[in-house]
Amino acid sequence: MKKLLLGISLLLLGCQEKQRPNLANTPELQKALQSIQVLDGFEVELVAAEPLVEDPVAMEIDEDGNWYVAEMPGYPLDLSKKGQIRKLIDTNDDGYPDKSIVFADSLTLPMGLMRWKKGILVADSPNILYFEDTDGDQKADKREVVLTGFSLSNPQHNMNTPKFGIDNWIYLGHSGAINSFTYEDIFGDKGKEITFPNKPNAAFLPKNGNGRNVRFKPDSYQIESLSGETQYGHTTDPWGRRFYTDNANHLFHEVIDARYVNANKNLVIAEAMEKIPDHGNACEIYPISENPNHQLLTDVGVVTSSCGITWYDGGAFGKEYNQLTFVGEPVHNLVHADIIEPHRATFKGKRLIEKKEFLASKDPWFRPVNFYIGPDGAMYVVDYYRQLVEHPEWMSEEVNKSGALYNGSTKGRIYRITKKGSKAMDWMKSVKLSTKSSEDLAELLTHENGWYRRTAQRLLFQRGDKSVAPQLKKIIDRDQKLGAVQALWLLHDWGMVDAKDLANALGSSTEGMRENALQVADRLIDKPGFAKNADLQKQLIGLADDPSARVRFQWLCSSSYLRLPNADRLRAKILAQDIEDQWAGIAAIASSQDSEEALLKSSIQTLGASPSKGKSTFFSYLAATLVKKGDPAFLSLAIDQNPSNDWWQAAIWYGVATLIKEAGVPFPLEEKQKEALLASFMQTNQPELRTSILSLFKSLGLPKNATQFALVEQRFSHSKDSQFQRDALSLLALRGDAKTHSALIQYLSSKS
């Protein structure tokens, strides 16, 4: 990493303008371009601006180089359906747009678009809409509602950004509705059941999809909630690992998939995501804006409006940029970049450069809200270009009534970021994938640019041309780093994965391929050709010893469905190796449906000898899961007055108490158990155990044995241990009687 950082110059240079023959070279646009500074070695080119585009928030380039842009003039409060999709056109064949037409209109607040079949899908809450031009006039004359029921809430929380995934599902960003205290009359829609309106008996999701991200398949009418949530934008690395963003929390990873969370209906976790920046949440940033116009509740100098998270997979920036994510920070007029490094089952995000940003503008109206990696490997920056981007909900009444809310609504720019010396943009005239054979598309799955891999996979999936299956199998067999995972999921969808394909994938030299192979394996293991395959079973068992923590984590998740011999022993082995990673513990619990108590007993034996933070976290999660299950038998394990066990018993009772307090789960404790806990409170030297017991008593009430409380009072009076005195006084205070009140006054007086 030091070599990487040393290899990147810390200098940011002003943009060197490229000449654009078709773009009006007005002083305003010249100034906007010259106001941008980018990392040394890169250059910025303005490739589209008003009047070709206005209020852009997202873009898509289809298989033939057709360029679509979603425009959202209605932000922040105008729901009069002024949103539209523009199609940018190159009329003189120079590779750049010089004309635009309205492809689709009458949209409320469009927040993303994706090529699908012969048209495009548009995210416009409460709907996912499909538009298609059937008569060749370059305007959509077909409009269908594909999905409906999403909330129409504050725009930053609306469903957004449809993307085609490596597993052939379409993924949507979504974070659920919020209460609008000022604008509930227009943003009070909290959503309904999410349904396919043209297929009443199809699968559906509960109200607003439980406020989670969503994935669906339009043709087979499948729909599922994910385990994570995001605000505006979501992205994946080349292996389908999902990364999200949310205002001040600019970078987090969905660690455990909903399929595995749902494998154990009793599993209790706070969330399925991890915030991964090593520089913290609401991290410090480095704007260069001149005369910034920050609003009443804006957090200045830190990330506060992150959006448009994008993994760079274009292959044109150089290998040192292949593990990079970008987020827009429109409030501060900049683009922040992080290097993504593996860390146990998840990742860490490290600043690309210190004390500076990848790209920033002096212009306070520059609002980078989204990005797109194009067929040329360039990164396209979508600039909403507004005076104000904060929502009126969090601005002063004076500003809201100033008439400035929509200043800039007739403007908008799209910039192209390339390495210096890159070729001119030519994909509008040169890209024609729709005419390629399926064999040619299969070969494109191995392209270094993710745009080609994704587009070729989508076209193959939509064609359903199974004649290329032998070619896809060869890609897997050759263990190609790029393309094999796409080939595997295409074959899976077509029902054409055989035991040899799966064995080749499981034996890949690439970590991400082995992870995906395990996911495919846990879907196929019960099917003919797989269920009784001894060689395949042996290979799956061997992956429990994989050198990659990510693969071992996926093995734990997949073991929910694999039903391998000695799975409990293998699970315990991974758990012992990776216990300091909380996600390994969560995965072990998730894969132990109906055997949670056995997992607890075995873990006490294998992990209970010495304390650690990871072990305590695991025991707490496992205890909470057992409480949710309604199985009190395990409690006897956590009451034995053996001092060497106090640390893990403290963790167990913490998990019990936390779930009861936070979730209100009914869990009556027997009087004898309360008395035993109070005895442990008196005997332990572990403050953590006393704290856990206190929390439990607060929720479930005190034991009734007066003799025990007399002993507490006696020890409180004579103890020299100030920590015990504080804990004992907290316990006695729960009684709420006059004697305790007097003791409290006396104790506080003695400390003053």
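Fair warning: this is a prediction, and the values are worked out from it, not measured in the lab. (Residues numbered from 1 in each chain as written. Predicted model: local features only at pLDDT ≥ 70, side-chain atom pairs only at ≥ 80, totals over all residues. Heavy atoms only, no water.)

## With respect to the overall build of the protein
Scanning the protein from N- to C-terminus turns up 24 helices and 27 strands. Against the globule reference of 27 Å for 752 residues, the protein gives a C-alpha radius of gyration of 29 Å, in line with a compact fold. Judged by the C-alpha coordinates and their principal axes, the protein covers about 95 × 70 × 55 Å. Across the 752 residues in the protein, those meeting the buried criterion constitute 57%. Here the contacts in the protein between residues at least 6 apart in sequence split such that 65% fall between residues at least 24 apart. Total accessible area on the protein stands at roughly 30,000 Å², and carbon and sulfur atoms take up 49% of it. (Helix = DSSP H or I, 4+ residues; strand = E, 2+ residues; numbered from the N terminus. Rg over C-alpha atoms; globule rule 2.2 N^0.38 Å. Buried < 20%, exposed > 50% of the residue type's maximum accessible area, 1.4 Å probe, protein only. Contact = heavy atoms within 4.5 Å. Areas by Shrake-Rupley, 256 points an atom, 1.4 Å probe, with all protein chains shown as cover.)

## Focus: the packing of helix α9 (residues 469-477) against helix α11 (residues 499-506)
When two helices pack together, their arrangement is given by the angle between the helix axes and the distance between those axes. Put simply, α9 and α11 touch, their axes get as near as 9 Å, and they point 30 degrees apart. Comparing the axis directions of α9 and α11 gives the class roughly parallel. Judged by the twist between their axes, the crossing of α9 over α11 is left-handed. Across from Lys-473, Ile-476 and Asp-477 in α9, the residues of α11 making contact are Asp-501, Asn-504 and Ala-505. By residue class, the composition of the contact of α9 with α11 is two nonpolar, one polar and three charged. (Axes fitted to C-alpha atoms, helices over the stretch in contact; angles between N-to-C directions. Parallel < 35°, antiparallel > 145°, perpendicular 65-115°, else oblique. Left-handed = near helix turned anticlockwise from the far one by under 90°. Nonpolar A, V, L, I, M, F, W, Y, C, P; charged D, E, K, R; others polar.)

## Let's talk about the packing of aromatic side chains
The final tally for this structure, using the stated rule, is 25 aromatic pairs. Taken together, a centroid distance of 6.1 Å and an interplanar angle of 75 degrees make the contact between Tyr-244 and Phe-252 edge-to-face. Take Tyr-244: its relative accessible area is 1%, and that puts it in the buried class. Residue class for Phe-252 comes out buried when judged on its relative accessible area of 5%. Members of the aromatic cluster, joined through ring pairs, are Phe-42, Tyr-312, Phe-317, Tyr-321, Phe-326 and Phe-358. Its end group placed over the ring of Phe-42, Lys-419 keeps NZ or CZ at 5.4 Å from the ring centre. (Phe/Tyr/Trp six-rings, centres within 6.5 Å; stacked < 30°, edge-to-face > 60°. Lys NZ or Arg CZ within 6 Å of the ring centre and 35° of its normal.)

## Remarks on the sheet that holds strand β12 (residues 160-164)
Taken together, the four strands give an open sheet; going across it, the order is β12-β13-β14-β15, and neighbouring strands pair in antiparallel fashion. One side of each edge strand has no neighbouring strand; the edge strands of this open sheet are β12 and β15 (222-225). Direction aside, neighbouring strands of the sheet carry axes that sit 20 degrees apart on average. Pairing between strand β13 (residues 170-173) and strand β14 (residues 214-217): three bridges, direction antiparallel. Paired with Leu-172 across the strands is Val-214, a residue of β14. (Pairing = 2+ DSSP bridges.)

## Thoughts on the pattern of salt bridges
Counted according to the given criterion, the structure contains 41 salt bridges. In this structure, Lys-473 and Asp-501 form a salt bridge, with 2.4 Å as the shortest nitrogen-oxygen distance. Residue Lys-473 is located in helix α9, and its partner Asp-501 is located in helix α11; the two are separated by 28 residues in the primary sequence. Two residues, Asp-568 and Arg-571, come together in a salt bridge whose shortest N-O distance is 2.8 Å. Here Asp-568 pairs with Arg-571, and both are found in helix α15 (residues 567-578), just three residues apart, close to one helical turn. According to the relative accessible area criterion, Asp-568 is exposed, its value standing at 53%. Overall, the relative accessible area of 6% leaves Arg-571 in the buried class. (Salt bridge = Lys/Arg side-chain N within 4 Å of Asp/Glu carboxyl O.)

## A look at the side chain of Asn-160
Tracing the backbone shows Asn-160 in strand β12. Judged by its relative accessible area of 0%, Asn-160 falls in the buried class. Here Gln-231 takes part through its backbone oxygen, which lies 2.9 Å from a polar atom of the side chain of Asn-160. (Polar contact = N/O pair within 3.5 Å; in protein donor to acceptor, adjacent residues only side chain to side chain.)

## Description of helix α12 (residues 511-524)
The first and last C-alpha atoms of α12 sit 20 Å apart over 14 residues, in line with the 20 Å expected at 1.5 Å per residue. Burial runs high along α12: twelve of the 14 residues are buried. Listing the buried residues of α12 in full gives Gly-512, Met-513, Arg-514, Glu-515, Asn-516, Ala-517, Leu-518, Gln-519, Val-520, Ala-521, Asp-522 and Leu-524. Contact partners of the buried residues in α12: α4 (258-261), α9, α10 (484-493), α11, α13 (534-542) and α14 (549-562). (Expected span 1.5 Å × (residues − 1).)

## Here's the deal with the layout of surface pockets
To find the voids left in a structure, one rolls a probe of water-molecule size over its atoms. Taken as a whole, the second largest pocket holds about 650 Å³ of empty space. If you go around the second largest pocket, you meet 26 residues; those closest to its centre are Tyr-75, Gln-156, Asn-247, Ser-305 and Val-389. Of the residues in the lining of the second largest pocket, the class split is 15 nonpolar, nine polar and two charged. (1 Å grid on protein atoms, 1.4 Å probe; cavity = no way out; pocket = protein on both sides within 12 Å on 5 of 7 lines; lining within 4 Å. Points joined across faces, edges and corners; volume = space filled by probe spheres on them.)

## Remarks on the pairing of β13
Here β13 shows two buried faces, one formed by Ile-170 and Leu-172 and the other by Tyr-171 and Gly-173. Of the pairings in the sheet, the one linking β12 to β13 comprises three bridges and is antiparallel in character. Residue pairing across strands places Phe-164 opposite Ile-170, the latter belonging to β13. The antiparallel pairing of β12 with β13 creates a hairpin that spans five residues between the two strands, and Asn-168 there sits at a positive phi of about 75 degrees.

## Overview of the environment of Tyr-385
Counting through the fold element by element, Tyr-385 comes out in the loop between β26 (379-383) and α5 (397-400). Spatially, the C-alpha atoms of Tyr-385 and Ala-263 are 45 Å apart, while their sequence positions differ by 122 residues. Setting aside residues no more than four positions away along its own chain, Tyr-385 makes contact with Glu-28, Asp-363, Trp-365, Phe-366, Arg-367, Gly-408, Lys-411, Gly-412 and Arg-413. One polar contact links Tyr-385 to Asp-363, side chain to side chain, over a distance of 2.7 Å.

## Some details on the confidence of the model for the protein
Any region with low pLDDT has predicted coordinates that should not be read closely. In this model, the protein carries an average pLDDT of 93, and 95% of its residues clear a pLDDT of 70 or more. Confidence over residues 1-17 falls short of pLDDT 50; this stretch has 45 contacts with residues more than four positions distant or in other chains. (pLDDT = per-residue confidence, 0-100.)

## Considerations on unusual backbone geometry
Look at the link from Glu-50 to Pro-51: it is a cis peptide, with omega at 10 degrees. Its place among the elements puts Pro-51 in the loop between β3 (42-49) and β4 (56-61). Here the bond from Ser-125 into Pro-126 is cis, since omega is 10 degrees, no more than 30 degrees from zero. Checked against the element boundaries, Pro-126 lands in the loop between β9 (119-124) and β10 (127-132). A positive phi angle is found at Asn-210, which is not glycine, with a value near 60 degrees. Locating Asn-210 in the fold gives a position in the loop between α3 (184-187) and β14. Accessibility expressed as a relative area gives 54% for Asn-210, which makes it exposed. For Arg-344, which is not glycine, the phi dihedral falls at a positive 55 degrees. Positionally, Arg-344 belongs in the loop between β22 (334-343) and β23 (346-351).

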